[in-house]
Amino acid sequence: MVYSFTMKMKMILFCRLPICSLVAGLLIGLLAGPAEALQLNGVVTDGRNPIPGARVRVQGRARYVLTDRNGRFELSEPIDPAATVVVTAGKEGWINNGVRVTGATSFTTIILEKAPDTDDPSYPFISPHSSLVDLRVDETRLASMRVRSHTTFKESCNLCHFEPTCHLCHRELYEQWTVSQHARAVKNSWTQDLYTGTDARGRANVGPGFRVDSPRNAGECADCHAPSAAVRAPGQTDLAVVYRRGVIAYPPVIGYKSYEQVRLEQKAGTVDADGVHCDFCHKIKDVIVNERPGVNGSIKLGRNRFQETTQERAREGRLPAMLVYGPFDDVISFSPVSQAAITSPMVASYAPIYASSAFCSACHQHTNEHGIPVQATYQEWKESPYPAANVQCQDCHMKPRPGTGNIVTGDADKFWTPVHDRDPSTVKRHDFPGATPELLKDAATLSVEGVISSGVLTATVSVKNVNVGHNLPSGIAIRNLLLLVTPVSADGDTLRYLGTERVPDYGGLGPSSRGNYAGYPGRGFALVFTDRFGRRNVMDWQATKIAADTRIRPKATDTSVYRFAVPPNAGTITIQTQLLYRRAYKPLADIKGWKLNDLLVASDRTVVTPRMRVGAAPPSGKSRFWIADFGFWIVHTLFRNLQSIFRV
């Protein structure tokens, strides 16, 4: 025992010496094997001067470093020692670039080029759709192609047989966008009905319509709904004309088409009828947060065609260069994994505004001509707790879907090999879900407490906005929530209401079997406008005053109380509570002939007996009754014992 203790002390003393750390380090190194990390120093310049504040990373990796004031950087990243990787650099106002390196590279230089400062108003926006072209109808161009062998082209069949569209290389993101409300910003029938004053059957002057109220004023609707058309005449673009030319007069053909069809679509401006489309969004280089809508004062575009480069690329049989802005600083124009692959037609510039809620403010924050904030979703978010937590609009409305999220999918693999190891969680979805079942199911919670006393049931209902970063609901004023509180006795009868809290008129007047709930016990949550004549529930362009705003702010709770008469010997009472979301006021939907689908946000069933006070928390009805009866038995027993004591 003495010997063991002595040896142990010697080992402790030995391990306190510096040599112990050295030996341990060597052992760890031998066990771990050779280091597999890129240790790279470098500098980012414009060819002459250093560029400070550039973001440098191994392409597709999450971690990045910033260049110092001398443009220098130090980067350490684990890589396959036998692999070639691309180290990229990007900075706002510059075109992304990169270099190929291996694990043996110790120093490199990345040269960036300034992004154009100008905006070309004559730039023709690119269609998002697939566009197969039959060159045989263009004999002149076909003859030119025959002069050169196909084998001399630097690209594949895409050059000759495809128009350069978004679908060509970004198939997955394109398919997401096609089902979005952005894609339907012009074609949505409700939008056209509200703009023109028509109903679902196409009849004129049925219900409200902007052009009915303003026959000589095209208005600002197109500045957000058809921005690529409105940019030619901000504040003066007729949304109905965009629809007629792009959908009715020259219906776009998606897929196989001739050059004649392409010319017809370009003449008609069918891309304008695609609403908020890919090429428009990714030509935005900045957003000025203010009260102006879209291209009429908030959006700053950067359109450029690179004419000289385009002509050169055409001679070599390559697609024209396309400048885009976006949230990635590592999207580059050459293949990161193939030395032989030709360059991509996309020329990308990093723009941090794409990851900020300020980007969304362009069309989700503006006032009408009367100074009323008819669209204030951005301001609602800004006043919420979410900015402090760095939760942006994109974090909810562009949240990546599990298992999907490649930036480049489709025909790009045929002529340009993209990076495939990007973290899918960094690739935002492009269907932009809003008031959908997917998001609404987690938007709010219901808490119900019921008390029966002296023949009266008092139900206290709390609705909390738990996960929405703006008021609930938000957007155009006709959006609304309805809270319905219905207590039912054991025999199925609805209790007689004694209170005054009722669903407003915009819940619908008439039989409840048709979705009309005005006057029923409950609440309405909406932003209600009045016009200059004092009429309520008017449209955004008619609003001159905010009559009521009962919407629930982020993380806030709305509590309301309801009283009902309880018949004698009623037994158990079930309080049925529903919170419904509606895209429009029910009377407006009836006038317009719209089909209105109620979306369930939350629901609750709380059971109450005359002897108990319960909330919505107990796990089951049986346990609620057992707890209530047990408590009643304890109180009753104590009371009988006290009576016995006092008698004695």
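Scope of this entry: the structure provided in the associated data block. What you see is a predicted model, and the numbers here were worked out from it, not measured in a lab. (Residues numbered from 1 in each chain as written. Predicted model: local features only at pLDDT ≥ 70, side-chain atom pairs only at ≥ 80, totals over all residues. Heavy atoms only, no water.)

The number of helices and strands found in the protein is 21 helices and 26 strands. The 648 residues of the protein split such that 48% are buried. The long-range fraction of contacts in the protein, counting pairs at least 24 apart against all pairs at least 6 apart in sequence, stands at 67%. Total accessible area on the protein is roughly 33,200 Å²; 56% of this is exposed by carbon and sulfur atoms. (Helix = DSSP H or I, 4+ residues; strand = E, 2+ residues; numbered from the N terminus. Buried < 20%, exposed > 50% of the residue type's maximum accessible area, 1.4 Å probe, protein only. Contact = heavy atoms within 4.5 Å. Areas by Shrake-Rupley, 256 points an atom, 1.4 Å probe, with all protein chains shown as cover.)

Take the side chain of His 470 next. Relative to the helices and strands, His 470 resides in the loop between strand S17 (456-465) and strand S18 (480-489). Overall, His 470 belongs to the buried group, its relative accessible area being 17%. If we ignore the near neighbours within four places in the chain, the residues touching His 470 are Thr 377, Glu 380, Trp 381, His 397, Asn 465, Ile 552 and Pro 554.

Per the counting criterion, the structure on display carries 12 aromatic pairs. Joined through ring pairs, the aromatic side chains of Tyr 123, Phe 125 and Phe 280 make up one cluster. (Phe/Tyr/Trp six-rings, centres within 6.5 Å; stacked < 30°, edge-to-face > 60°.)

This next bit is on the state of the cysteines. Scanning the model with the defined rule gives 1 disulfide in all. In this model Cys 224 forms its disulfide with Cys 363; the gap between the sulfur atoms is 2.4 Å. Where Cys 224 bonds to Cys 363 through sulfur, the torsion about that S-S bond is close to -100°, and the disulfide is left-handed. A residue pair is termed long-range when its members are at least 10 positions apart, and Cys 224 in helix H9 (residues 222-225) and Cys 363 in the loop between helix H15 (357-361) and helix H16 (377-382) qualify at 139 residues. Cys 363 gets classed as partly exposed once you look at its relative accessible area, which sits at 24%. Unpaired in terms of disulfides, Cys 166 finds its nearest cysteine sulfur in Cys 278, a separation of 3.9 Å. (Disulfide = S-S within 2.5 Å.)

This part is about the pattern of salt bridges. This model, assessed by the stated rule, comprises 25 salt bridges. Of the charged contacts in the structure, one is a salt bridge between Arg 551 and Glu 380, with a shortest N-O distance of 3.0 Å. A residue pair is termed long-range when its members are at least 10 positions apart, and Arg 551 in the loop between strand S22 (545-549) and strand S23 (557-565) and Glu 380 in helix H16 qualify at 171 residues. Residue Arg 551 shares its accessibility class with Glu 380, and that shared class is buried. One connected set of salt bridges, linked through shared partners, spans Arg 55, Arg 57 and Asp 329. (Salt bridge = Lys/Arg side-chain N within 4 Å of Asp/Glu carboxyl O.)

In this section: the sheet that holds strand S7 (residues 97-102). Strand order across the open sheet formed by 4 strands is S3-S2-S5-S7, with antiparallel pairing between neighbours. Both edges of this open sheet fall to strand S3 (65-66) and S7, since each of them pairs with a single strand only. Pairing between strand S2 (residues 55-58) and strand S5 (residues 84-90): 4 bridges, direction antiparallel. Paired with Arg 55 across the bridge in S5 is Gly 90. (Pairing = 2+ DSSP bridges.)

Our focus in this paragraph is the pairing of strand S15 (residues 346-350). Of all 5 residues in S15, 4 are buried; the element is thus mostly enclosed. The sheet contact formed by strand S14 (residues 322-326) and S15 spans 5 bridges and is parallel. When the sheet's bridge partners are listed, Gly 326 is paired in S15 with Tyr 350.

This brings us to the packing of helix H7 (residues 189-196) against helix H11 (residues 239-249). Viewed as axis vectors pointing N to C, H7 and H11 meet at an angle of 130°, and their least axial separation amounts to 9 Å. Regarding the angle of H7 to H11, the classification is oblique. The chirality of how H7 crosses H11 is left-handed. Residues Thr 191, Gln 192, Tyr 195 and Thr 196 of H7 form the contact with H11, whose own contacting residues are Leu 239, Ala 240 and Tyr 243. The residue makeup of the contact of H7 with H11, split by class, is 4 nonpolar, 3 polar and no charged. (Axes fitted to C-alpha atoms, helices over the stretch in contact; angles between N-to-C directions. Parallel < 35°, antiparallel > 145°, perpendicular 65-115°, else oblique. Left-handed = near helix turned anticlockwise from the far one by under 90°. Nonpolar A, V, L, I, M, F, W, Y, C, P; charged D, E, K, R; others polar.)

Every other side chain in a regular strand lies on the same face of the sheet, so the side chains alternate between the two faces. Judged from the 9 bridges that link them, S17 and S23 form a sheet pairing that is antiparallel. Pairing of Ala 459 across the sheet is with Tyr 562, part of S23. Both strand S19 (residues 496-497) and S23 contribute to a ladder of 2 bridges, which runs antiparallel. Opposite Arg 496, over in S23, you have Ala 565 as the bridge partner.

Here we take up the sheet that holds strand S24 (residues 573-582). Pairing between sheet strands relies on hydrogen bonds along the backbone, with the strands arranged either parallel or antiparallel. The sheet built from 4 strands is open, its strands ordered S20-S18-S24-S25 with antiparallel pairing. Of all strands in the sheet, those bounded by a partner on one side alone are strand S20 (522-525) and strand S25 (599-608). Between one strand and the next, the sheet's axes are offset by a mean angle of 10°, whatever the strand orientation. Pairing between S24 and S25: 9 bridges, direction antiparallel.

On to unusual backbone geometry, then. Leu 472 connects to Pro 473 through a cis peptide bond whose omega is 0°. Along the chain, Pro 473 falls in the loop between S17 and S18. Positive phi values are uncommon outside glycine, yet Asn 390 reaches one of about 60°. The residue Asn 390 is located in the loop between H16 and helix H17 (393-397) in this model. The exposed category is assigned to Asn 390, whose relative accessible area is 55%.

For H11, the set of buried residues is Leu 239, Ala 240, Val 242 and Gly 246. Viewed along the axis of H11, the buried residues span an arc of 155°, placing them on a single side of the element. Buried positions along H11 lie against H7, H9, helix H10 (227-230) and helix H12 (259-268). Sitting at the amino-terminal end of H11 is Asp 238, which places a side-chain oxygen 2.8 Å from the backbone nitrogen of Ala 240. (Arc of directions from axis to C-beta. Polar contact = N/O pair within 3.5 Å; in protein donor to acceptor, adjacent residues only side chain to side chain.)

Next up on the list: the side chain of His 167. Residue placement: His 167 occurs in helix H5 (residues 166-169). His 167 gets classed as buried once you look at its relative accessible area, which sits at 14%. The contacts of His 167, once residues within four sequence positions are left out, are Pro 128, His 129, Ser 130 and Tyr 174.

Let us look at the environment of Gln 236. Structurally, Gln 236 is set in the loop between H10 and H11. Note: C-alpha distance between Gln 236 and Ala 222 (14 residues apart in sequence) is 8.2 Å. Gln 236 has contacts with Ala 218 and Gly 219, leaving out every residue within four places of it along the chain.

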